[in-house]
Amino acid sequence: MNEKPQYTLNERDVERDELEVDVLLVGAGPANLACALHLQGLLKKRGLEDKTVLVLDKAEELGHHTLSGAVMNPIGISELVPNWKAEGFPIECEVTYDAMAWLRPGGKHHRFDGMLTPPQLKNHGNYIVSLNKVVRWLAERAEGLGVDIYPGFAAAEVLYDGQRVLGVQTRDSGLARDGSRKATFEPGMNIRAGVTVFGEGTRGNLAKDLIGRLGLDQGKNPQTYGTGVKEIWEIPAQRAKELYGSVFHVGGYPLGGDGYGGGWVYGISESHINLGFVVGLDHHDAKLDPHALFVKFKQHPFVAELIAGGKVVRYGAKTLPEGGYFAMPRFVGDGFCLVGDTAGFLNTATLKGIHLSIKSGMLAAEAIAEALAAGDTSREKLELYPELFEASWAKQELWKVRNFRQAFDGGMLGGMLDAAVQQVSGGRGLVRRRGGHADHSTTRKVSESRFSEPKYNDTTAMDKLTDVYFSGAIHEEDQPSHLLIRDPSICVTRCTEEYGNPCQRFCPAAVYEWPQGADPEGVQINASNCVHCKTCDIADPYENIEWVVPEGGGGPKYIDM
Ligand code: SF4
């Protein structure tokens, strides 16, 4: 067992309210809501309606912290709610056209569509959705079946009894920036449960603690992540109508062969498009800036012509768990399950995870229902969840791309060659099982950087601060920073010289600033800008930044994203 220190902002030795439920789900994303919905149905079938199921979410309102590229394979929702279309599941449109575009640095591009669209990027039969609307729809149904959902409750730490998870403690509120109590101080609650399900999204702070403490990643590849940056644009009506229902995935410029990633453009309505860029955080360049790559992507004529005359209406960023099957941690233990992005349910090759998240929640629900019926929520009982996964279409899908992401470790060209071999070898590729490296360990010294900044403007190539405005991010200003620097001396004694303080670049929300001529001791942390993407927690080369939850209700406000 790997004992790691736990970082929390909660006070010690304070009396707390206690709440007890049968099942507690931390996070109201698609995986946990699918789990709650399916579980409630299973409990009813077994005559266990008296069991209590509670979902907590740190967002002020459901969906506010849910960001997705949002093309959905319908296989997951079809299993969860067989009549999903007739019952009003929110879809923007069915995909009517898909293509891959390869951008060249000089401004030209090549388009591959029809028969030439790479098989992983074919999207006919899939749907463009707003995950934010999907989450609210799932939540309404779950509440209709008796699930309790509490938005605005941030889970700050896991309650343990040895290796058993007993529940969580929510974040204290009403602490001032210096940690002293304000008149509004309210200690967080202890919420105890027979089973706690962690569906906190990518790199959840509680799941991170749990994985480290119980060694859930032993024998697995290190998880590798990408940071995706996204905007929604309102564009001239005629062009939006032409693009409505279209899905473009984009490679080449600005990354070229240097790192893993690419962009997308989806026609989401007769007035709006959704565009974004994702880059792997194993990129070696110390000056890697996902937002700057996105700006360059928008400046390429292929994208610039699509957004010309339009205006940005929303902005957001999130990390994705790209490591695939061999990087998924153990999903269960005594009294807990991990689901969705938290457990690595993402098909990186197809850039899709909603259907896998829904399936993971459903499979966890089946194991939990069995465990509750037996009155035994030990790891042994909950092992049914990974067993069901191994026998499911979700495993088959992930097995076929098990080496996909790691094949790109040596660069784009080698990765594309291996990906082609994987297509004809059932996912094996050139090597039976590829390994990997934790992203923070791959950064090279800043003296080797080749990264160049884009030219910003006020209309199409906005800087980070302008974009943050469109994320709606807001936090109570007078609270302790939820971005903890473990050892501030490293920032100035080593990081400045070795890596050039990369936090000021990899954060897509301008949270970390190193003002010229300011106190040399210090990075300035604008915590209120934080969009909760977790890039800093993953990419800092010294693992010196710890993201913990702010007071409940703080964060971005993703609406219709
Ligand atoms: Fe993301 Fe960290 Fe920046 Fe917040 S501070 S937006 S979690 S990189």
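What you are looking at is a predicted structure, and each value in this text was computed from that prediction instead of being measured. (Residues numbered from 1 in each chain as written. Predicted model: local features only at pLDDT ≥ 70, side-chain atom pairs only at ≥ 80, totals over all residues. Heavy atoms only, no water.)

Further remarks concern the site of the ligand. Around the ligand, a shell composed of 13 residues is seen, among which Cys-507, Cys-530, Cys-533, Lys-534 and Cys-536 lie nearest. Its residues placed into classes, the shell around the ligand shows 11 nonpolar, one polar and one charged. (Near = heavy atom within 4 Å. Nonpolar A, V, L, I, M, F, W, Y, C, P; charged D, E, K, R; others polar.)

This paragraph deals with helix H6 (residues 290–299). In terms of burial, H6 is largely enclosed, as nine of its 10 residues are buried. The backbone nitrogen of His-291 has a side-chain oxygen 3.1 Å away, supplied by the residue at the start of H6, namely Asp-289. (Buried < 20%, exposed > 50% of the residue type's maximum accessible area, 1.4 Å probe, protein only. Helix = DSSP H or I, 4+ residues; strand = E, 2+ residues; numbered from the N terminus. Polar contact = N/O pair within 3.5 Å; in protein donor to acceptor, adjacent residues only side chain to side chain.)

Taken as a whole, the largest pocket holds about 610 Å³ of empty space. Here the lining of the largest pocket gets four residues from one element, more than from any other, and that element is helix H4 (residues 205–214). Residues from two domains meet in the lining of the largest pocket; each of domain 1 (18–68 + 134–220 + 329–399) and domain 2 (91–128 + 223–321) gives at least three. (1 Å grid on protein atoms, 1.4 Å probe; cavity = no way out; pocket = protein on both sides within 12 Å on 5 of 7 lines; lining within 4 Å. Points joined across faces, edges and corners; volume = space filled by probe spheres on them. Domains from an automatic or database assignment.)

Turning to its location among the elements, Ser-392 is positioned in the loop between helix H10 (384–390) and helix H11 (393–399). Under the relative-accessibility criterion, Ser-392 is labelled buried at 8%.

Attention shifts here to the packing of helix H1 (residues 30–45) against helix H3 (residues 131–144). As a packed pair, H1 and H3 sit with axes 9 Å apart at the nearest point and diverge in direction by 20 degrees. When the axis of H1 is compared with that of H3, the two are roughly parallel. Note on packing geometry: the crossing formed by H1 with H3 is left-handed. Contacts from Pro-30, Leu-33 and Leu-37 in H1 reach Leu-131, Val-135, Leu-138, Ala-139, Arg-141 and Ala-142 in H3. Here the residues of the contact of H1 with H3 are counted per class, giving eight nonpolar, no polar and one charged. (Axes fitted to C-alpha atoms, helices over the stretch in contact; angles between N-to-C directions. Parallel < 35°, antiparallel > 145°, perpendicular 65-115°, else oblique. Left-handed = near helix turned anticlockwise from the far one by under 90°. Contact = heavy atoms within 4.5 Å.)

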